[in-house]
Every structure is written in C-alpha cells, then in structure tokens.
Amino acid sequence: MTKSVRYQKGQLYPEHSAWFVRYRERPRQQEGSIKNERRSKRLGSMQDYPTKSEIEPVRIAFMQKVNSGQVTADECMTLLEFVEAVYLPWAQTELRASTHKGYREIWENHMSGRVGQIRVREFRTVHASRMLRAIAGEHNLRKSSLQHIKSVLSGIFTHAKNEGAFDGANPVQGALIPNSARESGETYAYNLAQILRILNVLPLLPQAVVATASLAGLREGELRGLEWPDYTVEQLSVNRSAWREFVNKPKTRASRQPVPVIPKLATILDAYRASMHHPSTGVMFHHGNGERMDMDKLAQRVIRPAVQAIGLQWYGWHGFRRGIASNLYALGANEKTVQRILRHAHPHVTKKRYIKAFDAAVIEAMGRLQATVEVLESVSSNRPAGADKAHAKLLIENRGEMAEWLKAAVC
C-alpha cells in the first residue's frame with residue numbers, strides 16, 4: 001500500500017536580503033531506507049521581489065516541482081493543495097497550453113481565495129453557489145463567464161474522483177448561476193456583402209487571411225497553423241492549430257476534416273502565393289520571416305482600422321466564422337451541412353452559437369408571413385361552400401414553408 005504524502009506549502013522567510021523557502025525532502029539512503037531531511041531554497045532577492053505577495057507565485061511554482069511525483073491525492077487535502085499539486089500539473093500535461101493557462105487564471109483570479117481552504121472531502125454544493133454569487137457581485141460578469149468558472153470547478157472535482165481524493169456526486173453540478181448576473185451579449189456574424197467590402201480594402205496578406213476565415217470558416221488557431229502543403233485549389237486540409245509557440249492537432253476529430261475551397265478564395269490565395277514567390281512548403285501566413293503570424297496583432301494593426309474606415313465594427317475572428325455559417329444557412333444550406341463545413345463535433349453548437357438571422361432575412365420572412373395571412377383572410381372573408389376544407393388545405397400545403405419562414409424569423 002502506498003503511503004500518502006501530504007502536500008507541502010513550504011515555509012517562506014526572508015534572510016540576508018533574499019527570500020527563502022524551507023521544505024522537507026525524503027531522499028533514499030544508500031542502504032535503501034527513506035529519511036526526511038529539511039532543505040532550504042533561495043527564491044530571489046528582496047530587491048527583485050520587495051513584498052511577500054510578489055514572491056508568492058515563485059514559491060508556489062517551486063513547491064509544485066517539489067511535490068510533483070511524491071504527492072498522492074487524498075480527501076484530507078484542501079482544495080488549494082489538490083489543485084496546485086495534482087490538478088494543474090495534470091492539466092499542463094494533458095490539456096492544450098491555452099486551456100491550461102485559462103484554467104489556471106480562473107483558479108487564481110476567482111476561486112483559490114474563496115474556496116481554496118475547504119477540504120476536498122468537505123466541499124458541498126452550497127460552497128460553489130456562494131462562490132458564484134460572490135464572483136457575480138464583485139465582478140459583474142456575464143452568465144456565460146460564470147458558467148465557464150463553474151465548469152472549471154466541476155472539472156476539478158471530476159479529476160479528484162478519478163484520483164481517489166473524492167467520492168460521491170460532483171458537488172458543483174447542482175450549483176446555480178445567479179439570476180442577477182448579466183445576460184450574455186449578442187454575438188455578431190458578418191454578412192456576405194460586408195465580407196466583400198472588407199476584402200476589397202485590405203492589402204493582399206491580410207486579405208488572404210480574412211478570405212480564409214470568412215470563406216472557409218477556419219478558427220484563429222487553425223489559420224496560424226496552415227502550411228502550404230495543406231492547400232490545393234480544391235480544398236484546405238486542417239492538420240494543426242497553433243497558439244503562441246505551441247502547435248497541436250485540431251481540437252476534435254471533426255475539426256480535422258478538410259474544407260472545400262471556392263474559386264473566390266482560390267483566386268486570392270493563389271495571388272498571395274505568387275507574391276511570396278510560389279512556396280511549396282512552410283507556414284502559409286507570416287510576415288516574411290517564416291514564423292507563424294500573430295493574428296491578434298494583424299487584426300489590431302491592419303484589419304480593424306480598415307474595417308472601421310468603411311463604417312463597420314470589428315467583431316473579432318469569430319465574426320467571420322459565424323458569418324460563413326449564417327451566409328450558408330441563408331442561402332439554403334441545412335444545419336447538418338453547415339455543421340460539416342464548420343467541422344463542429346455537435347450540431348447544437350452550430351445552431352445555437354453560429355447561425356445568425358440577418359436583419360434583411362428577418363424582414364423578408366415576416367413579409368412572407370404577412371402575405372400568407374392576407375391570403376388566408378381573403379379566403380375566410382368570402383367563405384364559399386367548402387371554404388373550411390380549402391382553408392385547411394392551404395395551411396397543410398404551406399405547412400413546411402411556413403415553418404421555415406417562422407424559423408428564419410425567430411432564429
């Protein structure tokens with residue numbers, strides 16, 4: 001039986017104008033026995049870290065290294081001990097770097113100070129509910145942000161159950177998002193006319209990037225990950241996603257499916273390729289140094305000013321991805337087809353978050369609804385023999401089309 005080793009926080013103390021941490025190690029002796037030994041580690045000078053709060057992240061990072069490989073999760077741990085010694089090191093190994101960074105920031109900014117000192121085995125739904133109410137009250141976050149925080153905490157307890165540090169139902173799942181929290185803001189999709197206006201005012205490089213985002217629907221990380229062998233005149237193969245210096249496979253199996261290339265996009269990409277002296281290998285979008293382009297900087301410095309100069313607002317890269325979904329749907333593509341082009345694993349994501357009804361489509365749909373109402377009223381006012389049957393027949397014949405109009409009007 002493996003003996004549980006308690007998580008060590010380490011004792012932080014100043015000495016000789018520097019910060020030190022005192023901790024224990026259990027090195028194996030020559031004869032095979034294990035003996036506790038007290039150790040100290042200099043973390044940094046007080047000139048570089050004048051206050052305890054500034055050196056604290058250094059202590060945490062060092063003690064995580066000390067604890068890694070020797071901490072066995074148990075239910076006596078506080079949530080702070082479990083997250084810092086077990087969950088976050090696991091997330092760093094198993095999850096994408098961007099995901100790990102986001103989870104760590106959520107933990108440190110919103111949760112550790114509120115629920116960190118509660119023992120894992122003693123954590124209850126009420127603790128999660130109080131935490132969410134406190135966060136909503138202090139930060140005025142949207143419900144979607146609070147839901148994300150709740151999901152991270154729920155994932156921590158799912159991992160705790162898998163590590164044997166917690167048994168029973170996940171206490172976070174029943175926690176309620178406060179009704180007083182702000183509703184999530186409406187997202188935006190560029191329509192086809194807006195996309196063409198934007199493409200017409202951009203230089204060739206950002207034009208190629210925006211065309212790929214808006215006419216193929218690639219995500220920001222997938223745009224950064226594109227390389228020339230991924231492109232043919234007929235399709236784009238999505239083989240990787242890049243975030244900062246990290247390059248991974250796309251996040252799901254569905255995301256790895258190729259995307260058809262329409263002639264408009266092919267023309268722009270071919271012109272861009274010719275301007276780069278027809279490369280056959282290497283990164284597709286870069287500034288000339290071969291390194292993957294920072295899409296955020298490209299947007300801030302070039303694309304956003306150009307978009308605002310023609311009287312439009314900048315809604316981020318996902319405005320183009322939502323745009324292709326909404327444009328395809330408005331042109332008659334069904335939800336399943338749009339899901340395939342966007343490469344979503346689940347159809348409800350496409351329908352709920354990406355397909356937007358443009359104002360013109362809503363007005364047109366309501367106009368058709370009014371025209372049908374007028375036809376029905378005309379039939380009813382005359383009411384010749386058999387009018388009820390004719391009325392019913394008209395409704396039955398138009399039932400599918402009416403449903404589509406209503407669906408378009410309320411999406």
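As the structure is a computational prediction, the values presented were derived from the model and not from experiment.

Undergrad: I tried to follow the pattern of salt bridges on my own but got confused; where do I start?
TA: Opposite charge on two side chains permits pairing when their charged atoms draw close. In the structure shown here, the tally under the stated rule is 9 salt bridges. Of the charged contacts, one joins Arg114 and Glu138 as a salt bridge, the two residues approaching to 2.6 Å between their closest N and O atoms. Here Arg114 is found in helix H3 (residues 97-115), whereas its partner Glu138 is found in helix H4 (residues 125-139), with 24 residues between them in sequence. Take Arg114: its relative accessible area is 27%, and that puts it in the partly exposed class. Its relative accessible area of 56% is what places Glu138 among the exposed residues. A salt bridge links Glu183 to Lys143; its shortest N-O distance comes to 3.0 Å. Highlighted residues: Glu183 in the loop between helix H5 (143-162) and helix H6 (192-201) and Lys143 in helix H5, separated in sequence by 40 residues. Looking at Glu183, the relative accessible area reads 55%, which means it is exposed. When salt bridges with common partners are traced through the structure, they connect Glu227, Asp230, Arg240 and Arg292 into a single cluster.

Undergrad: Hey, could you run me through the pairing of strand S1 (residues 11-15) in this one?
TA: Note on strand geometry: in a regular strand, side chains alternate between the two faces of the sheet. Pairing of S1 with strand S2 (residues 18-25), which is carried by 5 bridges, proceeds in the antiparallel orientation. Counterpart to Leu12 in the pairing with S2 is Val21. Connecting S1 to the antiparallel partner S2 that follows it, the hairpin turn spans 2 residues, and His16 within it adopts a positive phi of roughly 50°.

Undergrad: For this particular structure, what's the right way to read the packing of helix H2 (residues 79-94) against H3?
TA: In a packed pair of helices, the relevant descriptors are the angle between the two axes and the axis-to-axis distance. One way to put it is that H2 packs onto H3 with a least axis distance of 11 Å and a crossing angle of 175°. In terms of orientation, H2 lies roughly antiparallel with respect to H3. Across the interface between the two elements, Leu79, Leu80, Val83, Glu84, Tyr87, Leu88, Ala91 and Gln92 of H2 pack against His100, Tyr103, Arg104, Trp107, Ser112 and Val115 of H3.

Undergrad: What is the right way to read the sheet that holds S2 from this model?
TA: Where strands meet in a sheet, backbone hydrogen bonds hold them as pairs that are either parallel or antiparallel. If you walk across this open sheet you meet the 3 strands as S1-S2-S3, and the pairing is antiparallel. Whereas interior strands pair on both sides, the edge strands pair on one side only; in this sheet they are S1 and strand S3 (37-45). Neighbour-to-neighbour, the strand axes of the sheet open up by a mean angle of 30°, direction not taken into account. Examined bridge by bridge, S2 and S3 share 8 bridges and lie antiparallel to one another. In the strand pairing of S3, Arg24 is matched with Arg38. Of the strands in this sheet, S1, S2 and S3 are in contact with helix H1 (residues 52-67), which crosses S2 at around 25°.

Undergrad: Sorry if this is basic, but what is going on with H6 here?
TA: For the α-helix, the turn length of 3.6 residues means that residues three or four positions removed from each other point alike. Considered for burial, the residues of H6 that qualify are Gln194, Ile195, Ile198 and Leu199. Projected down its long axis, H6 carries its buried residues within an arc of 135°, all on one side. If you follow the buried residues of H6, they end up packed against helix H7 (204-215), helix H9 (263-275), helix H10 (295-309) and helix H11 (317-330). Backbone nitrogen of Ala193 and a side-chain oxygen of the N-cap are separated by 3.2 Å at the start of H6; the cap is Asn191.

What counts as what
- Residues numbered from 1 in each chain as written.
- Predicted model: local features only at pLDDT ≥ 70, side-chain atom pairs only at ≥ 80, totals over all residues.
- Heavy atoms only, no water.
- Salt bridge = Lys/Arg side-chain N within 4 Å of Asp/Glu carboxyl O.
- Helix = DSSP H or I, 4+ residues; strand = E, 2+ residues; numbered from the N terminus.
- Buried < 20%, exposed > 50% of the residue type's maximum accessible area, 1.4 Å probe, protein only.
- Pairing = 2+ DSSP bridges.
- Axes fitted to C-alpha atoms, helices over the stretch in contact; angles between N-to-C directions.
- Parallel < 35°, antiparallel > 145°, perpendicular 65-115°, else oblique.
- Contact = heavy atoms within 4.5 Å.
- Arc of directions from axis to C-beta.
- Polar contact = N/O pair within 3.5 Å; in protein donor to acceptor, adjacent residues only side chain to side chain.

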